[in-house]
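Structural characterization, general
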There are 2 protein chains.
Amino acid sequence: MPVQGLSRRAAWAEGQPISDLMATALANPQLISLAAGFVDQQTLPVGPTHAAIEALVATPERARRALQYGITPGYAPLRERLIEQLELPPGLPAPSVEQVVITAGSNQLLHLVCESLLDPGDIVLCAAPTYLVFLGTLGNLGCRSYGVATDRQGMIPEALVEALERLEHDGELSRVKAIYLVPYFDNPQGVSMPQHRREAVVEIAKRWSRRNHHLHVIEDAAYRLLRYEGDDIPSMWTVDEEHDTVVVAGTFSKTFSPGLRVGWGILPEHLVRPVCNQKGNIDFGSPNFNQFIMAEVLDQGLFMPHVEYLRKAYSRKLECMLAAADREFGPLPGVEWVRPQGGLYVWVTLPEEIETGPSGTLQDVAMEEGVLYVPGQYCFPLEGEPAHANTMRLSFGVPTCENIEKGMAALARAIRRVMDGGA
Amino acid sequence: MPVQGLSRRAAWAEGQPISDLMATALANPQLISLAAGFVDQQTLPVGPTHAAIEALVATPERARRALQYGITPGYAPLRERLIEQLELPPGLPAPSVEQVVITAGSNQLLHLVCESLLDPGDIVLCAAPTYLVFLGTLGNLGCRSYGVATDRQGMIPEALVEALERLEHDGELSRVKAIYLVPYFDNPQGVSMPQHRREAVVEIAKRWSRRNHHLHVIEDAAYRLLRYEGDDIPSMWTVDEEHDTVVVAGTFSKTFSPGLRVGWGILPEHLVRPVCNQKGNIDFGSPNFNQFIMAEVLDQGLFMPHVEYLRKAYSRKLECMLAAADREFGPLPGVEWVRPQGGLYVWVTLPEEIETGPSGTLQDVAMEEGVLYVPGQYCFPLEGEPAHANTMRLSFGVPTCENIEKGMAALARAIRRVMDGGA
């Protein structure tokens, strides 16, 4: 139903459940928030950013170029550097600089790619659960998110084929335009996809593509560098031999600074022009100044040391949260959680009868106990694999270890009260 | 016609004629460009930006906040300051800070407002000619630009009423959602709308609004502060007593730095939520860091002195261009030009038989003579008042006075060659 006098898109953009949660958090600063997916403010790189700016300003002519308009796809020296961020195994052909586009965080890249691929009513297959903000992006476009079952290794390839078969049976296959994945420490489950699953998904996408209907795979690699144990896995770009299927979305928001808002995409050649055309019409290019800063940060070798520092800081917080989970949730029957190797989230599953969302009692009881979390149901696509209402996403990014421990104890008290029916 | 496998929007985004022109300029750096609407690189504020950043970094806790995520509508202290930029006459009620939204330049604000108001096929009434990038924004949305005749005072209110009557007669009135104006030194004509025309346009918008179909007026005030003579005119916000009709789009791109990409909108209350919802889904908020920088620039009193400096610099260049026009174009029969009081553009009208666009010969002859301009036809809406093919937009923003003089002489030679049939 369109809002009176406004566009259909305005109606489609309504009702992000997460905004209510954020408003609650803002209005109740005494609550410990295990909900926000923000990064730890204390870790933000004032020193490296300042050093990069000083270097830039030292050459006024370069500083003036940074303060001038740039070109829509972004500052070429930074785009060159971002190809290195892909960390391709030696010997593999690299994308050209033309295939790299700088955007306002990876969110804008996801938006631009979806604008370029999807018409209203079109479908994107997503892990169930998946990144909740992306579900909002799809909703705003009038598009449909369709959930595919997952396990502790992310999206299940057999479930992906089943979903495609079901959609084909319903005459909707031509509506399916992309598969969206967060294959590194995903938001919200914290799970990663092993190499064989990545290969399987790309193979399925290619097999189900038709001449006029290409099925793209969007790899959201936002958390790739936030690995605290185990070995890196190559980007899905490497398993797309024709380089016509996989889009990689990257960002410095989690690994450096969300306030600089520098994200990017690495695109199959045929998507470069559509994405740049959209971007040119929407914002005429991302801030040149911020791109010069990030290029300088990379050139001066300031980036990876900061990532190392973040890994230590977040790894310690993850340990705090997992230890608190063992201690506080361990004794609670039927409560399970994922032990991620990276990222910013711990995913908790409660006994089936406990609803974590607004139609259950836990959310209010948890607030009484002093803690906020993200109800897992918000992370589930609207169709396909049904939402699991007994789940929650906890984030260890923002709170201190002390607050993580207090928050987890409060949450355990709340769960126990609901279990005991004493809420 | 949709591009194979891509969205309708991808098809709608195709074919910005200006990109070919920009590619020509890049490939031929020896040409003098009177085409680019960029700002003068030598004037860009390295010093003030650096001072603002130093002040920010001096308090690491604030610097960290600048490097963190912000809220979608933007940094509140900056938004407070932008209400002052409206320069409301004393005694008038000011908009609340909630009505101010920070965007990636004013282009993104225009995009978000159009996304919130327009469905594909909907119509925006524009001056003929108008800001060509906005025509691209509308095209990308699958929307229609409809031209209203102008004179040396901008859009003619009587022509606006005629256009509305014509559209009503054709059963298309319900498609008309907004009137877009650049009432200060507009791009491309350099003309400004006097107060009585501004009042007339807002009155017409209100009179033609229906209960479910509100006609908004979008005031693009990008060049307001770049006035070199005469007195400022109040924003159209002041003539919208109910504050339900006028949207103001502002930007620091022309008055400070396009590389920081800080623009904004001042919105009627009912548009705040739709615009913020769209923005939240597209890019999750503009870079916080850049907003902190601009707030600091304003707080330290660094902004208006820079504007004063720009006024002097551009005023001198405008004089160069007008003197060169008198000298070079004066002797050419049937060549006329506007003498603007501000902005970055001089609009030239040639004898009717001389086409400035790709179907005429002038463009190639001018390139042979060593100069680039923007063919005026690119600035005309696709419907309504027909394009005037014998016009051109010249910009004095980027070139030096010396190059302005050389460019104008080259252009005069080219015009003369075409007039003499000797091209």
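Residues numbered from 1 in each chain as written. Chains lettered and ligands numbered in written order. Predicted model: local features only at pLDDT ≥ 70, side-chain atom pairs only at ≥ 80, totals over all residues.

The number of helices and strands found in chain A is 14 helices and 15 strands. Taking 423 residues into account, the globule formula puts the C-alpha radius of gyration at 22 Å, and chain A, at 22 Å, falls close to it. Along the three orthogonal principal directions, the C-alpha set of chain A runs to about 65 × 55 × 50 Å. The burial tally for chain A puts 56% of its 423 residues in the buried class. (Helix = DSSP H or I, 4+ residues; strand = E, 2+ residues; numbered from the N terminus. Rg over C-alpha atoms; globule rule 2.2 N^0.38 Å. Buried ≥ 20, exposed ≤ 12 C-beta atoms within 10 Å, placed from the backbone.)

Take the sheet that holds strand E11 (residues 345–349) of chain A next. Residue and element names in this part refer to chain A. Read from one edge to the other, the open sheet built from four strands follows the order E10-E11-E15-E13, with strand pairing classed as antiparallel. Each end of this open sheet is capped by a strand with a single partner; those strands are strand E10 (336–337) and strand E13 (374–375). Pairing analysis gives two bridges linking E10 to E11, with the strands arranged antiparallel. Residue pairing for E11: Trp-337 is matched across the bridge by Val-348. (Pairing = 2+ DSSP bridges.)

This brings us to the packing of helix H3 (residues 46–57) of chain B against helix H11 (residues 288–299) of chain B. Residues and elements named next belong to chain B. Remark: H3 packs on H11, axes separated minimally by 9 Å, with the N-to-C direction vectors making an angle of 105°. Classed by the angle they form, the pair H3 and H11 counts as roughly perpendicular. For the pair H3 and H11, contact is made by Pro-48, Thr-49, Ala-52, Ile-53, Ala-55 and Leu-56 and by Phe-292, Ile-293, Glu-296 and Val-297, respectively. When the residues that make up the contact of H3 with H11 are grouped by side-chain class, the tally is eight nonpolar, one polar and one charged. (Axes fitted to C-alpha atoms, helices over the stretch in contact; angles between N-to-C directions. Parallel < 35°, antiparallel > 145°, perpendicular 65-115°, else oblique. Contact = placed C-beta atoms within 7 Å. Nonpolar A, V, L, I, M, F, W, Y, C, P; charged D, E, K, R; others polar.)

This paragraph deals with the relation of the copies chain B and chain A. Mapping chain B onto chain A calls for a rotation angle of 180° and an axial translation of 0.0 Å; the resulting RMSD is 0.0 Å. The relationship between the two copies is best expressed as a two-fold rotation axis. Most of the interface of chain B is mirrored in chain A, where 100% of its interface residues again form contacts. (Least-squares fit on C-alpha atoms with pLDDT ≥ 70 in both.)

If you look at the interface, chain B gives 62 residues, while chain A gives 62 residues. Taken together, the elements giving at least two residues each to the side of chain B that touches chain A come down to helix H1 (8–12), H3, helix H4 (60–67), helix H6 (105–117), helix H7 (132–140), helix H10 (269–282) and H11 of chain B. Along the lines of polarity and charge, the residues of the side of chain B that touches chain A split into 25 nonpolar, 29 polar and eight charged.

Moving on, we come to unusual backbone geometry. Of the consecutive residues A:Asn187 and A:Pro188, the connecting peptide bond is found in the cis state with omega at 20°. By the element assignment, A:Pro188 lies in the loop between strand E6 (176–181) and helix H9 (195–208). Phi at B:His243 is positive, roughly 50°, even though this residue is not glycine. Its location among the elements puts B:His243 in the loop between strand E7 (216–220) and strand E8 (246–251).

Now for the sheet that holds strand E11 (residues 345–349) of chain B. Sheet architecture is open: four strands sit in the order E10-E11-E15-E13 (chain B), paired in antiparallel fashion. Among the strands making up the open sheet, the edge pair consists of strand E10 (336–337) and strand E13 (374–375) of chain B.

Another point: the domain arrangement of chain A. Residue and element names in this part refer to chain A. Along its sequence, chain A is carved into domain 1 (8–44 + 305–419) and domain 2 (69–300). Using C-alpha coordinates to define each centre, domain 1 is positioned 25 Å away from domain 2. Contact with domain 1, which involves 36 residues of that partner, is made by 38 residues of domain 2. (Domains from an automatic or database assignment.)

Next up on the list: helix H13 (residues 362–369) of chain B. All names here are of chain B. Of all the residues in H13, the buried ones are Leu-362, Gln-363, Val-365, Ala-366 and Glu-369. Down the axis of H13, the buried set is contained in an arc of 165°. They therefore lie on one face. Elements in contact with the buried residues of H13: strand E12 (371–372), E13 and helix H14 (401–419). One or two positions beyond H13, positive phi appears at Gly-370, with a value near 105°. (Arc of directions from axis to C-beta.)

Let us look at the environment of B:Leu372. All names here are of chain B. Note that Leu-372 resides in strand E12. Measuring from C-alpha to C-alpha, the distance between Leu-372 and Ser-395 comes to 10 Å, with 23 residues separating the pair along the chain. Excluding residues within four positions of it along the chain, Leu-372 makes contact with Leu-21, Thr-24, Ala-25, Leu-31, Ser-33, Leu-34, Ala-35 and Met-367.

Here we take up the confidence of the model for chain A. Per-residue pLDDT for chain A has a mean of 95; in total, 98% of the residues score no lower than 70. Model confidence for the complex is summarised by a pTM of 0.96, with the ipTM given as 0.96. (pLDDT = per-residue confidence, 0-100.)

As a further point, take the environment of A:Pro120. Residue and element names in this part refer to chain A. The residue Pro-120 is located in the loop between helix H6 (105–117) and strand E3 (123–128) in this model. It is 9.3 Å that separates the C-alpha atoms of Pro-120 and Asn-140, two residues lying 20 residues apart in sequence. Leaving out residues up to four positions away in the same chain, Pro-120 has contacts with Leu-141, Gly-142 and Cys-143.

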